[in-house]
Each structure stands twice: as C-alpha cells, then as structure tokens.
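Read off the chains here:
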Amino acid sequence: IDSDDLRGKVVLVDFWGTWCPPCRESIPSLANLAKKFAKEPFTLISVDVGDEPGEWRAFIAKNKMTWPQHQDRAGKVQRAFQVRSFPTYVLIDAEGVVRYRSSGYGMETGVAIEDAVKKSLKALAKVGPPPKAQAAPAPAQPAPAAQTSSAPPASEEKKPRELPVPVL
C-alpha cells in the first residue's frame, strides 16, 4: 500500500499488537467498520507493532481480519505517526489531513471512530475526491529566487497541519 493507493480516500490507521488486550477487544468493532464502509471511499489499515511474524499471521487468520494489514517490525510507521500507546487510531481525510486521533479502547471508542469516519466521508462527498497528482511541467525559465521570510503572508488562512502519510 502506498499513498497513491490511498489518494482520495478516508483512511483509518489502527496501531495494535496481539499482546495488547484492548487491541484484541477492538477487533469486532473494526471488522464491523470495515464491512459497513466497504462500498465507500474508505480504507482501514491495521499496523501491528511488536509481534513475531508467525504469531501475527496466525492471529489475523484466526480472527478473520480481512482488511489490509502491515507489520511494522522496525517501528518506522509507529515513529512517523508518533504512536506511544496502544491501540492508537489515526483518521486521515481524502486530502491527507489528520482529522481524528485517539488512544486506548473503551465502550465509546468504536462509536467515536465511526462518527469521525462518517464526518470525513460526508465532507468528501460534498467536495469530491482531490484531483490525481500530476507531474509539474518543467519550467521554461529559471525559478525566481525564494523569499527569505518563512512567515506566511498575513492574508493566508491557517490550514490544518498535514502529516506525511508514509508508504506502508
């Protein structure tokens, strides 16, 4: 899975481990979420941290976790998303902006995640998916010198902070 596969979709990244009781408890809720939004521009990706590959694969098969899975053995994705507790859920909208983040799992977590997904899908339906990225044409002339000020112009609105979506 890379960011091109996810462009124009709402993406929920679930950081988990088989060793984590709340992570295991959340599996039915995640399975329902994946099923409920299967026909929408939505992708659930579970990122396993800290398991042996054989144990991880057996657990996924046994629990019928049919959505995309990634094993983050080196912790690269975990560090990119600054995950420090498990489970952690990160919802990224179709433009690549983090719209929701939570850690832990309790009675209301599934409902909160579903509400955040619905809100992002509704926003996407209003504006449509972002255009596909295209290579910029080569400039005919040398680019002008960069401005020395790093401050945005006063008229520019603050936009939500975009976090890079790493290639999984």
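Here the residue numbering is sequential within each chain, running from 1 through the sequence in written order. Only residues with pLDDT of at least 70 are given local features in this predicted model, and only at 80 or more are side-chain atom pairs given and counted; all residues enter the totals for whole chains, interfaces and linings. Side-chain measures here rest on the full set of heavy atoms in the structure, leaving out hydrogens and waters.

Undergrad: Which residues make up unusual backbone geometry, and what values do they have?
TA: Cis geometry marks the peptide bond from phenylalanine 86 to proline 87; its omega dihedral reads -10°. Along the chain, proline 87 falls in the loop between helix H4 (76-80) and strand E4 (88-92). Backbone geometry places lysine 64, a non-glycine residue, at a positive phi of 50°. Per the convention used, a helix needs a DSSP run of H or I reaching at least four residues, while a strand needs a run of E reaching at least two, with both numbered from the N terminus. For lysine 64, the position within the fold is in the loop between helix H3 (53-62) and strand E3 (69-71). Phi angles above zero are rare outside glycine, and glutamine 82 is one such case at about 50°. On the secondary structure map, glutamine 82 appears in the loop between H4 and E4. Working definition: with a 1.4 Å probe on protein chains only, accessible area under 20% of the residue-type maximum means buried, over 50% means exposed, and in between means partly exposed. With a relative accessible area of 47%, glutamine 82 lands in the partly exposed category.

Undergrad: Give me the lowdown on the pattern of salt bridges, citing residues and values where you can.
TA: A side-chain nitrogen of Lys or Arg and a carboxyl oxygen of Asp or Glu constitute a salt bridge if their distance falls within 4 Å. Within this structure, the stated rule accounts for four salt bridges. Here aspartate 4 ties to arginine 7 by a salt bridge, and the two come within 2.9 Å at their closest N and O atoms. Among the ionic pairs, aspartate 93 bridges to arginine 99, the shortest N-O distance being 2.7 Å. The exposure class of arginine 99 is partly exposed, given its relative accessible area of 44%. Counted as one network, the salt bridges with shared partners bring together Lys36, Glu114 and Lys118.

Undergrad: Can you break down the sheet that holds strand E5 (residues 98-103) residue by residue, with the values?
TA: DSSP calls a pair of strands paired once it identifies at least 2 bridges connecting them. Across the sheet, which stays open at both edges, the five strands sit in the order E3-E2-E1-E4-E5 with mixed pairing between neighbours. Of all strands in the sheet, those bounded by a partner on one side alone are E3 and E5. Strand-to-strand twist of the sheet, defined as the mean angle between neighbouring strand axes without regard to direction, takes the value 15°. In this structure, strand E1 (residues 10-16) lies alongside E4, joined through five bridges in antiparallel fashion. Axes, fitted as lines to C-alpha atoms, cover a helix only where it is in contact. Angles between the N-to-C directions of the axes lie from 0 to 180 degrees.

Undergrad: A description of the side chain of threonine 109 should follow, citing residues and the corresponding values.
TA: Considering the arrangement of structural elements, one finds threonine 109 in helix H5 (residues 109-127). A relative accessible area of 13% means that threonine 109 is categorised as buried. Residues adjacent in sequence count toward polar contacts only when both atoms are side-chain atoms; beyond that, a polar contact is any pair of N or O atoms within 3.5 Å, and within protein one must be able to donate a hydrogen and the other to accept it. There is a polar contact of 2.8 Å between the side chain of threonine 109 and the backbone nitrogen of glycine 106. If we skip the residues at most four places from it in the chain, threonine 109 touches Tyr89, Ser102 and Gly104. Contacts were defined at the residue level, with two residues in contact if any of their heavy atoms lie within 4.5 Å.

The values are spatial; any link to function lies outside them.
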